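As a plain string of letters, each chain reads:
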Amino acid sequence: MRIGVLGTGNMADALATHWARAGHEVTIGGRDPHRAERLASRVGGGTKPAGLRAAAEYGDVVLAALPFGAGAEVVRELRAALDGKVLLDCSNPVGPGFRLLTEGGPSAARRLAAAAPGAHVVKAFNLCHEDVWRMRPPVFDGRPLAVPVCGDDETALARVRELVRDVGCAPVAGGGLERAGLLEATAALFIGLWVGEGADAQAIAPPLAYATGPGHPETEGGGAP
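These remarks concern the structure in this document. Keep in mind that this is a model prediction, so the values were computed, not measured.

## Description of the sheet that holds strand β1 (residues 2–6)
Part 1 of the argument: Read across the sheet, eight strands follow the order β3-β2-β1-β4-β5-β8-β11-β12 without closing on themselves; strand pairing throughout is mixed. Either end of the sheet is taken by a strand with one partner, and the two such strands are β3 (48–50) and β12 (170–173). Neighbour to neighbour, the strand axes of the sheet diverge by 30° on average, direction disregarded.
Part 2 of the argument: Of the pairings in the sheet, the one linking β1 to strand β4 (residues 61–64) comprises four bridges and is parallel in character. When the sheet's bridge partners are listed, Val-5 is paired in β4 with Leu-63.
Part 3 of the argument: Sitting on the sheet, helix α1 (residues 10–21) is in contact with β1, β2 (25–29), β4 and β5 (86–89), with an inclination near 160° to β2.
Part 4 of the argument: Across the sheet, helix α7 (residues 154–166) is in contact with β1, β4, β5, β8 (120–123), β11 (146–151) and β12; its angle to β11 comes to roughly 165°.

Rendered as C-alpha cells:
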C-alpha cells in the first residue's frame, strides 16, 4: 500500500514506522523539508521525504497526523490531491482542562470530510498516547490493543483495518463517520481520567459477558430457585 503522511510529529513517527516495517511504501510530508527528511530517515524502510502536497498525491491512504487546529486548513488546501483517497484522521480535539474543543459542533473527522469532500475519511488511532503506538506490538495481558475504526466507505475501512493489524492491534467496527465524535469525546474522558485523576480508565467498564448485566441463574445453567 502507498501511504502518504501529513505531518512530522510523534504520531506520524509511531505509525509510519510500523507501516514501513510491514512493507508499505511511505512518504512523509511536512512544511519543513529538514524535519521531513529527518523523520523519513528515522522511519527507514525506503521511506521518502516530501512536501505536504506531494505526500497527499502519493498515498492511496493519507494519514492526517496534524494538530486539530491546523488539520482542516491543511486538508482544504490539499482537497484536489485527496480526491478519492482514504484520509485517516488520528487527531484529538482536546484542550486545557481536558475539554472537548468540538463541543457543540462537528467532530474533527467531520471537519476534515467537509474540507476535502472527495476523500473517504476514517477515524482511528486517537485513543492512546503516541508511545503506546510505538510498542512492538501494543499487547496488554496477552491481548492485542483494540482500535475502534469509524467511517462510511467499506473499501476505506478495509484498508484502515489492514493498517491497524500491521501495528499489531485488533480493529473494532466503530460505526459510521457520524460516530467519530464519540471516539473523540471518549479520548477527552480517558485523558482526563488518566492524566487528571490518575485513574485506570479500563476499570470503568465490566467484561463483555456483563455488558448487559449479570447473567440470571437459568441462563447460567443453574435453573430456577
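Moving on, there is more to tell.
## So, the packing of α1 against helix α2 (residues 33–43)
Part 1 of the argument: One way to put it is that α1 packs onto α2 with a least axis distance of 9 Å and a crossing angle of 40°. By the criterion of interaxial angle, the relationship of α1 to α2 is oblique. With respect to the hand of their crossing, α1 and α2 are arranged in right-handed fashion. Touching Ala-12, Asp-13, Ala-16, Thr-17 and Ala-20 of α1 are Leu-39, Arg-42 and Val-43, all from α2.
Part 2 of the argument: Looking at the contact of α1 with α2 residue by residue, the classes come out as five nonpolar, one polar and two charged.

## Comments concerning the nonpolar core
Part 1 of the argument: Trp-19, Leu-88, Phe-125 and Trp-133 are the most contacted members of the largest nonpolar core, which totals 35 residues.
Part 2 of the argument: The set of elements that each furnish at least two residues to this core consists of β1, α1, β2, α2, β4, β5, β11 and α7.
Part 3 of the argument: A total of seven residues in this core trace back to one element, the largest contributor, which is α1.
Part 4 of the argument: Aside from chain neighbours lying at most four places away, what touches Leu-88 is Trp-19, Val-61, Val-62, Leu-63, Ala-64, Val-122, Ala-124, Phe-125 and Val-160.

Criteria and cut-off values
- Residues numbered from 1 in each chain as written.
- Predicted model: local features only at pLDDT ≥ 70, side-chain atom pairs only at ≥ 80, totals over all residues.
- Heavy atoms only, no water.
- Pairing = 2+ DSSP bridges.
- Helix = DSSP H or I, 4+ residues; strand = E, 2+ residues; numbered from the N terminus.
- Axes fitted to C-alpha atoms, helices over the stretch in contact; angles between N-to-C directions.
- Contact = heavy atoms within 4.5 Å.
- Parallel < 35°, antiparallel > 145°, perpendicular 65-115°, else oblique.
- Left-handed = near helix turned anticlockwise from the far one by under 90°.
- Nonpolar A, V, L, I, M, F, W, Y, C, P; charged D, E, K, R; others polar.
- Core = buried A, V, L, I, M, F, W, Y, C linked by side-chain atoms within 4.5 Å.
- Buried < 20%, exposed > 50% of the residue type's maximum accessible area, 1.4 Å probe, protein only.

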